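# Summary of the model geometry
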Amino acid sequence: MTDSQTARSRHNTHAQGTEKLKAHLAVLLFSMLIAGSFSFGGLAARRIDPIALQGLRYIVTVAVLALLCLKAGLSLRLPREPWRFAVLGLLMAVYMTTMFIALEFTQPVATGAVFTLMPLMSAGFAWLLMRQRTRPGVFASLLIAASGAIWVIFRGDLAALARFDVGRGEMIYFVGVVCHAIYVPLLRLFNRKEAPLIFVLWAALATLVFILVPAAPRLVEVDYLAIPPVVWFAVFYLAIMTTAVTFFLLQYASMRLPAPKVLAYGYLTPTFIIVMEGLLGHGWAPAPIFLGALVTACGLLVMAFLPD
């Protein structure tokens, strides 16, 4: 068997039994934590420049991860093939930046609709990069889950869905979604069996370098003494829970599940956001909206039990 055939076989070998269940639970938790970032990040973004907020979160993330690596006795020397992390960092930085730029031109509901393309695109990139196959049943369950997510995103308003127009903001965010769709299969392709903590540190550091390009001038202008506590809470939540922890979860799942199954749980994020907003006292969505959540959950449940 040639090296390429061996690599292809490895990338198409997925977890079974308990490891498979833990991988599904990991991406379910990933989706829940990401939902919290929208609520807490939204509170902070009204009090600090959103691009500066991204810069702060990654500075804190890198500092915390570096301290954990040192405490664990791991070497911080430059990893082999550092270009891998440069690619991952660039992709994630483009995704983060385009998301906030797009919101200057369009509404969150529109970016949410564009987001539903991500798992399907990731299936395509997983095949191109690793010949990772997506079974027809899995593809069908992704479409069912996506339809439920779209119902939730547009709050059951078919007229709003019919008025959906692809404008400048949607196209900007689409570039970011493409980058994120490539990012997940690359987590498996670029893995060289480094310690997970080291892998996460270098990926976060590379992302910070690229994020600082737009963020550095804005960080200089921030009055740090005037930043309210809610912003610092959001910074640490984003840095630790939705950057460091979610990266661990994403990496863990991507090594055990096909790429589209990993990203499919993102379809539950709009539902988790609605629940989070309700718990924070910002109002609950009408009951019919949760019909879409049920459709999404059913689609994901079917997908979870289908062979990889």
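Structure's up top.
Described below are features of the structure shown in this document.

Quick notes on the rules
Residues numbered from 1 in each chain as written. Predicted model: local features only at pLDDT ≥ 70, side-chain atom pairs only at ≥ 80, totals over all residues. Heavy atoms only, no water. Core = buried A, V, L, I, M, F, W, Y, C linked by side-chain atoms within 4.5 Å. Buried < 20%, exposed > 50% of the residue type's maximum accessible area, 1.4 Å probe, protein only. Helix = DSSP H or I, 4+ residues; strand = E, 2+ residues; numbered from the N terminus. Contact = heavy atoms within 4.5 Å. Axes fitted to C-alpha atoms, helices over the stretch in contact; angles between N-to-C directions. Left-handed = near helix turned anticlockwise from the far one by under 90°. Nonpolar A, V, L, I, M, F, W, Y, C, P; charged D, E, K, R; others polar.

For the rest of this paragraph, the subject is the nonpolar core. Ile-48, Tyr-95, Tyr-173 and Tyr-183 are the most contacted members of the largest nonpolar core, which totals 88 residues. Looking at this core, the element that brings in the most residues is helix 10 (residues 196–221), giving 13 residues. When sequence neighbours within four positions are dropped, the list of residues in contact with Tyr-95 reads Phe-115, Met-118, Tyr-173, Gly-176, Val-177 and His-180. Within the second largest apolar cluster, 5 residues are counted, among which are Val-152, Ile-274, Ile-289 and Ala-293.

Here we take up the packing of helix 9 (residues 168–189) against helix 11 (residues 229–254). The contact between helix 9 and helix 11 brings their axes to 8 Å, and the two run at 65°. Between helix 9 and helix 11 lies a crossing whose hand is right-handed. Counted together, His-180, Tyr-183, Val-184, Leu-187 and Arg-188 of helix 9 and Phe-247, Leu-250, Gln-251 and Ser-254 of helix 11 form the full contact between these two elements. When its residues are assigned to classes, the contact of helix 9 with helix 11 shows 5 nonpolar, 3 polar and 1 charged.

Now for unusual backbone geometry. The phi dihedral of Glu-81 falls on the positive side, at around 50°, and the residue is not glycine. Among the structural elements, Glu-81 can be located in the loop between helix 3 (50–71) and helix 4 (83–102). The backbone of Lys-193 shows a phi angle near 65°, a positive value even though the residue is not glycine. Positionally, Lys-193 belongs in the loop between helix 9 and helix 10.

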